[in-house]
Amino acid sequence: MIIVDSGSPVRPFEQIRGQLADLIRSGSVEGGQRLPSIRQLAADLRVAPGTVAKAYAELEEAGLITTSRAHGTRVRAGQTTASGLLDAALVYATAARSVGVDLTEALAAVRAQWA
Amino acid sequence: MSGPGVVLVAVVGAVIVALWAALGRQWRLRSAPPEVVAALRALRGRAVAAIALAAAVQLGAMLLADRNQSWQGLSLAVGPGLAAGTGLLAFAAIGATTSAPGRYAATLDVRTPLTYVSTRSALGLLVPAALSTALLLATGLTGSADSSGRERAVTISHGATSATASPYPGWFYAAPMLVVTAFILLTTVAALWRVSATAALPASGWEREDRRWRVALVRVVGCLGSAALLAQLAGIAYFAGSGLRSISTASGDRRAALLVAAACLLVAGIGSFVIAVVRAAAALTRAVRLPADVLGAPAPMPPSSRSRA
């Protein structure tokens with residue numbers, strides 16, 4: 001499920017790109033799975049087709065999806081993040097929520113520790 | 001009562017029955033966001049408008065037939081197909097209205113024109129189309145010219161005797177009806193494309209209802225298309241059977257075979273007409289009931305009715 005909020009400070013194409021990338025890396029969308037056409041996704045999300053096209057283009061550039069006339073847009077196989085990392089992320093996300101921290105603050109904490 | 005009159009009475013009767021069935025029951029809509037209810041009502045409006053346009057075109061074809069005797073009923077022959085095809089084309093052409101800025105969700109399920117078509121719906125279209133095409137080719141090849149030179153008669157000769165009967169679905173009718181058959185199928189595909197291409201319901205968490213309205217509208221499209229194909233088949237079969245029955249007197253030893261063929265065609269024609277009317281009524285019923293079928297459930301019987309039962 002992809003959700004686009006026109007009231008969000010994040011641009012619509014980035015919302016689409018980010019959510020799709022997260023779904024692919026988490027394994028929620030499997031390798032080889034066909035994605036909706038640009039027109040279908042644009043109609044459902046009430047955005048311009050160019051917005052979805054831009055998100056798909058960036059995902060293809062990042063190596064997460066492939067696009068062809070014959071097979072449409074498909075998730076590239078082998079893009080799922082290692083299960084151990086996903087499990088660790090789940091533990092951290094659960095802990096962050098329990099102390100009332102939002103996503104932005106949680107990511108900021110990761111960046112701080114990463115450095 | 002003339003043939004067109006019978007058709008008109010049957011169609012009006014079917015419309016009355018369909019509307020009574022659709023509106024006679026009290027529906028209680030589950031609590032749904034106003035934008036979801038509005039979207040479903042807009043879809044219903046689109047479907048009902050398409051059916052109304054089809055009915056108007058059919059009525060126009062019947063009026064043309066009545067006022068232009070020289071057309072030899074050609075507008076009646078192609079009327080049902082042109083009517084349904086026009087309605088389906090209008091349905092396919094009406095785009096979605098723009099939505100207010102907000103929060104929208106989309107599943108990652110891929111939708112195609114065939115996604116919501118069941119095997120039964122597909123057969124309901126393809127079988128009458130195939131039968132209609134086969135019969136048109138057969139009657140076209142066996143037809144002969146009438147006194148005006150139009151291929152709308154059938155002639156048989158046996159020894160020194162011959163017999164000719166008209167009207168008969170020779171090429172004068174068969175050729176345009178073959179084109180109309182293709183028109184019905186193409187516009188059905190266009191309408192199915194519109195069902196798959198229309199945006200999802202404007203609220204997250206309503207994916208099941210989103211699928212339900214698409215399935216419901218595919219059934220409306222299927223009913224309308226198959227009604228037209230069956231009405232066309234009814235006309236071809238009936239007039240082919242009627243023509244064969246008329247010429248059987250001069251067919252010599254082939255008389256029994258011709259009479260059997262004629263009887264089968266006449267029964268098939270009448271049966272196809274009845275099913276066509278039922279399918280047309282079903283299309284209208286399903287279209288009118290769309291929001292209730294997707295969201296609602298029938299209301300319980302009032303206490304006074306339960307005590308009488």
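That block above? That's the structure.
Right, let's walk through the structure included here. Computed from a prediction, not measured in an experiment: that's the story for all the values here.

Parameters at a glance
- Residues numbered from 1 in each chain as written.
- Chains lettered and ligands numbered in written order.
- Predicted model: local features only at pLDDT ≥ 70, side-chain atom pairs only at ≥ 80, totals over all residues.
- Heavy atoms only, no water.
- Contact = heavy atoms within 4.5 Å.
- Salt bridge = Lys/Arg side-chain N within 4 Å of Asp/Glu carboxyl O.
- Helix = DSSP H or I, 4+ residues; strand = E, 2+ residues; numbered from the N terminus.
- Nonpolar A, V, L, I, M, F, W, Y, C, P; charged D, E, K, R; others polar.
- Pairing = 2+ DSSP bridges.
- Buried < 20%, exposed > 50% of the residue type's maximum accessible area, 1.4 Å probe, protein only.
- Phe/Tyr/Trp six-rings, centres within 6.5 Å; stacked < 30°, edge-to-face > 60°.
- Lys NZ or Arg CZ within 6 Å of the ring centre and 35° of its normal.

## Section: the interface of chain B and chain A
Logical step 1: Contacts between the two partners involve 20 residues from chain B and, on the opposite side, 19 residues from chain A.
Logical step 2: On inspection of chain B and its partner chain A, the count reaches one salt bridge.
Logical step 3: Where A:Asp44 meets B:Arg111, a salt bridge forms, and the shortest distance between an N and an O atom there is 3.0 Å.
Logical step 4: Elements with a contribution of two residues or more to the side of chain B that touches chain A: β2 (103-106) and α6 (207-247) of chain B.
Logical step 5: When its residues are assigned to classes, the side of chain B that touches chain A shows 11 nonpolar, four polar and five charged.
Logical step 6: As paired strands, strand β1 (residues 2-5) of chain A and β2(B) are joined by four bridges and run antiparallel to one another. Counterpart to A:Asp5 in the pairing with β2(B) is B:Arg103.

## Some details on the environment of A:Val101
Residue and element names in this part refer to chain A.
Logical step 1: Along the chain, Val-101 turns up in the loop between α4 (83-98) and α5 (103-114).
Logical step 2: Val-101 gets classed as partly exposed once you look at its relative accessible area, which sits at 27%.
Logical step 3: If we skip the residues at most four places from it in the chain, Val-101 touches Ala-96 and Ala-106.

## Let's talk about the packing of aromatic side chains
Centre distance and the angle of the planes are the two values used to describe a pair of aromatic rings.
Logical step 1: As enumerated under the stated definition, the model contains two aromatic pairs over all chains in all.
Logical step 2: Relative to B:Tyr173, the ring of B:Phe172 lies with its centre 5.0 Å away and its plane at 80°, an arrangement referred to as edge-to-face. The two residues B:Phe172 and B:Tyr173 agree in class, both being buried.
Logical step 3: Between B:Tyr238 and B:Phe239, the aromatic rings sit 5.5 Å apart at their centres with planes inclined by 90°, giving edge-to-face as the arrangement.
Logical step 4: The partly exposed category is assigned to B:Phe239, whose relative accessible area is 38%.
Logical step 5: In this arrangement the basic side chain of A:Lys54 is found over the ring face of A:Phe13, its NZ or CZ atom lying 4.2 Å from the centre.
Logical step 6: Residue placement shows B:Arg46 over the ring face of B:Phe91; its charged tip is 5.7 Å from the ring centre.

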